[in-house]
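Coordinate inspection notes
The lines below spell out each chain.
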Amino acid sequence: METRIEKIKQQLQSQGYKLTPQREATVRVLLENEEDHLSAEEVFMLVKDKYPDIGLATVYRTLELLSELHVLEKMNFGDGVARYDLRNDSSHHHHHHLICVQCGAVDEIMEDWLGPLEERLEEEFSFKVLDHRLDFQGICHRCIGKGKEQTAAPVKSRIKHS
């Protein structure tokens, strides 16, 4: 974790920002809950447990700054809530998601399957792709196994990585 915090500190410094204690607390919460795709409010509640004096506005500003600097990805899985996911150091692009419309579970695809498409876009359209995201919406293996794929209305629950 300390290595990733140091890398984020360097990313901030290269853009003229400091890793303040409040920003570091926010980053630590994101690292500790990396699989959960937390909302700003969830991040705030977890940070506040450790740093009671921190304000919601500070957490929002930190999340927005980290998003602008591409330290994390701001996402919406169709439930109207912005969620945050740290970018992976090992890949050029953000990973992709399988979103269950029944239970709200989110599974991650860590491989980048769109490389050949990016190459084709550059060749045929002279378009240099800087980033992309791919989200699939459907019914997860857990719901199919429980026979929930017959359910008409999707559940709008807290989205978790499963």
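The rules behind the values
For every chain, the first residue of the written sequence is number 1, and numbering continues from 1 onward in sequence order. In view of the model being predicted, local features appear only for residues whose pLDDT reaches at least 70, and side-chain atom pairs are presented and counted only at 80 or more, with totals across whole chains, interfaces and linings using the full set of residues. The side-chain values count all of the structure's non-hydrogen atoms but skip hydrogen atoms and water molecules. The pairing criterion for strands is at least two bridges between them, as found by DSSP. Every helix listed is a DSSP run of H or I at least four residues long, and every strand listed is a run of E at least two residues long, numbered separately from the N terminus. All axes are obtained by fitting lines to C-alpha atoms, using only the stretch in contact for helices, and the reported angles, taken between N-to-C directions, cover 0 to 180 degrees. Exposure above 30% relative accessible area and the absence of a salt bridge qualify a residue for a patch, where like charges join within 9 Å and nonpolar side chains (Val, Leu, Ile, Met, Phe, Trp, Tyr) within 5 Å. Where accessible areas are quoted, they stem from the Shrake-Rupley method and a 1.4 Å probe; at the residue level, only the protein chains shown are allowed to cover. Note on definitions: salt bridges are taken to be side-chain nitrogens of Lys or Arg within 4 Å of carboxyl oxygens of Asp or Glu. Under the scheme applied here, a residue whose accessible area is under 20% of the maximum for its type counts as buried, over 50% as exposed, and between as partly exposed, the area being computed with a 1.4 Å probe on protein chains only. Any residue with an atom within 4 Å of a point lines the site, the site being either a cavity, points on a 1 Å grid over the protein atoms alone where a 1.4 Å probe fits but cannot get out, or a pocket, an open set with protein on both sides within 12 Å along at least 5 of 7 lines. Grid points are joined across faces, edges and corners, and a volume is the space filled by probe spheres set on the points. Under the grouping applied here, Gly and all other residues not named as nonpolar or charged are polar, the nonpolar ones being Ala, Val, Leu, Ile, Met, Phe, Trp, Tyr, Cys and Pro and the charged ones Asp, Glu, Lys and Arg. In what follows, a contact means two residues having at least one pair of non-hydrogen atoms within 4.5 Å. Directions drawn from the helix axis to the C-beta atoms are what define this arc. Note on angle classes: values under 35 degrees are labelled roughly parallel, values over 145 roughly antiparallel, values of 65 to 115 roughly perpendicular, and the remainder oblique. Crossing handedness is defined as follows: a turn of the near helix away from the far one that is anticlockwise and smaller than a right angle gives a left-handed crossing, while the clockwise case is right-handed.

Another aspect to go through is the sheet that holds strand S5 (residues 106–109). Sheet architecture is open: three strands sit in the order S5-S4-S6, paired in mixed fashion. In the strand order of this sheet, the two ends are held by S5 and strand S6 (135–138), each with one partner. With strand direction ignored, the average angle separating the axes of adjacent strands in the sheet is 20°. Sheet analysis places strand S4 (residues 96–100) next to S5, joined by four bridges and oriented antiparallel. Of the residues in S5, the one forming a bridge with Leu98 is Asp107.

A cluster of nonpolar side chains, Leu98, Trp113 and Phe136, forms an exposed patch at the surface whose accessible area comes to about 300 Å². Secondary-structure assignment places Trp113 in the loop between S5 and helix H5 (115–125). By relative accessible area, which is 49% here, Trp113 ends up partly exposed.

Attention shifts here to empty space enclosed by the protein. Enumeration over the complete set of coordinates arrives at one cavity of 30 Å³ or more. Its boundaries defined by the atoms lining it, the largest cavity holds a volume of some 40 Å³. Around the largest cavity, the lining residues are Leu30, Asn33, Glu34, Asp36, His37, Leu38, Tyr84, Asp85 and Leu86. Of the residues forming the lining of the largest cavity, the biggest block, three residues, is contributed by strand S3 (residues 82–86). When the residues that make up the lining of the largest cavity are grouped by side-chain class, the tally is four nonpolar, two polar and three charged.

The next subject is the sheet that holds strand S1 (residues 38–39). Remark on secondary structure: sheet strands pair via backbone hydrogen bonds, oriented parallel or antiparallel. Pairing is antiparallel in the open sheet, where three strands are placed in the order S1-S3-S2. Either end of the sheet is taken by a strand with one partner, and the two such strands are S1 and strand S2 (72–76). Here S1 runs beside S3; their pairing, made up of two bridges, is antiparallel. Across the sheet, Leu38 pairs through a bridge with Tyr84, a residue of S3. Against the sheet, helix H4 (residues 56–68) makes contact with S2 and S3, and its axis sits at roughly 105° relative to S2, the strand it touches most.

The next point concerns helix H3 (residues 40–50). For H3, the set of buried residues is Ala40, Val43, Phe44 and Val47. On an axial view of H3, the arc spanned by its buried residues comes to 100°, and they lie on one face. The inward-facing, buried residues of H3 contact helix H2 (21–32), S1, H4 and S3.

Once that is clear, we can look at the packing of H2 against H3. For the pair H2 and H3, the least separation of the axes is 9 Å and the interaxial angle reads 115°. Relative to H3, the element H2 is oriented roughly perpendicular. Crossing geometry of H2 relative to H3 is assigned as right-handed. Residues Ala25, Thr26, Val29, Leu30 and Glu32 of H2 touch H3, and the partners they reach there are Val43, Leu46, Val47 and Lys50. The residue inventory of the contact of H2 with H3, partitioned by class, reads six nonpolar, one polar and two charged.

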